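Notes for the structure review
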Amino acid sequence: MKGFGDNEAAVREWQARTGRNVRGLDLPASSPAKRQRQPQLIRQQQSDKRNRAEQAFEAEVLCVRQLRGELVTYYEHEAIPLRLANGLKYNPDYPAIEINPAGGVRLVFFEVKGEQRQGRVRARDDAVVKIKQAAAKFTHFRFVLVWKNPATGEWLEQEVKA
């Protein structure tokens, strides 16, 4: 290398000072230039990301319907993500397999929203748009918006159509 001649000690000292490597020479292990690669951290799911309404819906509605035989099974919270247009994703709160009155089964997605206030369900606009887009794209599934009426304590449902 130009400027160092054949002096390997000078090259190693330059490498340690600048953090650069010269082709054909290994950096010494004690050199600050030889950086240890940090192990990648594994992202873990939070143990429970459900809000109180979602927890209550699972306990008061889904479990009861499964015991009555109306549902074959229901899956964990946000278990099935759906891809919508332009890379947009929609994670329905609870996917479930329900039994039709005709005897067949179909997949139904429940979306739990906040309590009803002033005659309207508390839901952000983007959430409503996503569930409507999903219902339009996946017509063979059933999408249901559910919320709790604070006056009566009963769960109200509205099927979302395309």
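Our subject is the structure listed above.
As the structure is a prediction and not an experimental result, all values here were calculated from the model.

**Some points on the environment of leucine 84**
Inspection of the secondary structure puts leucine 84 in the loop between β2 (82–83) and β3 (89–90). Judged by relative accessible area, which is 6%, leucine 84 ranks as buried. It is 6.6 Å that separates the C-alpha atoms of leucine 84 and alanine 134, two residues lying 50 residues apart in sequence. In this view, leucine 84 contacts Tyr90, Lys130, Gln133, Ala134, Lys137 and Phe138; residues no more than four positions away in its chain are not counted.

**Topic: helix α2 (residues 52–68)**
Taking 1.5 Å of rise per residue, the 17 residues of α2 would be expected to cover 24 Å, and the 24 Å separating its terminal C-alpha atoms lies within 8% of that figure. Glutamate 58 marks where α2 bends most, by close to 35°. The complete set of buried residues in α2 reads Glu54, Phe57, Glu58, Val61, Leu62 and Arg65. Elements that come into contact with the buried residues of α2 comprise β1 (71–74), β4 (94–99), β5 (105–112), β8 (142–148) and β9 (155–160). Directly after α2, the chain includes glycine 69, whose backbone phi takes a positive value near 90°.

**Details of the packing of aromatic side chains**
With the rule as written, the count across this model stands at six aromatic pairs. Ring geometry for phenylalanine 109 against phenylalanine 143: centres 5.2 Å apart, planes inclined by 20°, an arrangement best described as stacked. Taken together, the residues phenylalanine 109 in strand β5 and phenylalanine 143 in strand β8 connect sequence positions 34 residues apart. Both residues of the pair, phenylalanine 109 and phenylalanine 143, belong to the buried class.

Procedures and definitions
- Residues numbered from 1 in each chain as written.
- Predicted model: local features only at pLDDT ≥ 70, side-chain atom pairs only at ≥ 80, totals over all residues.
- Heavy atoms only, no water.
- Helix = DSSP H or I, 4+ residues; strand = E, 2+ residues; numbered from the N terminus.
- Buried < 20%, exposed > 50% of the residue type's maximum accessible area, 1.4 Å probe, protein only.
- Contact = heavy atoms within 4.5 Å.
- Expected span 1.5 Å × (residues − 1).
- Bend = angle between axes of the 7 residues up to and from the residue.
- Phe/Tyr/Trp six-rings, centres within 6.5 Å; stacked < 30°, edge-to-face > 60°.

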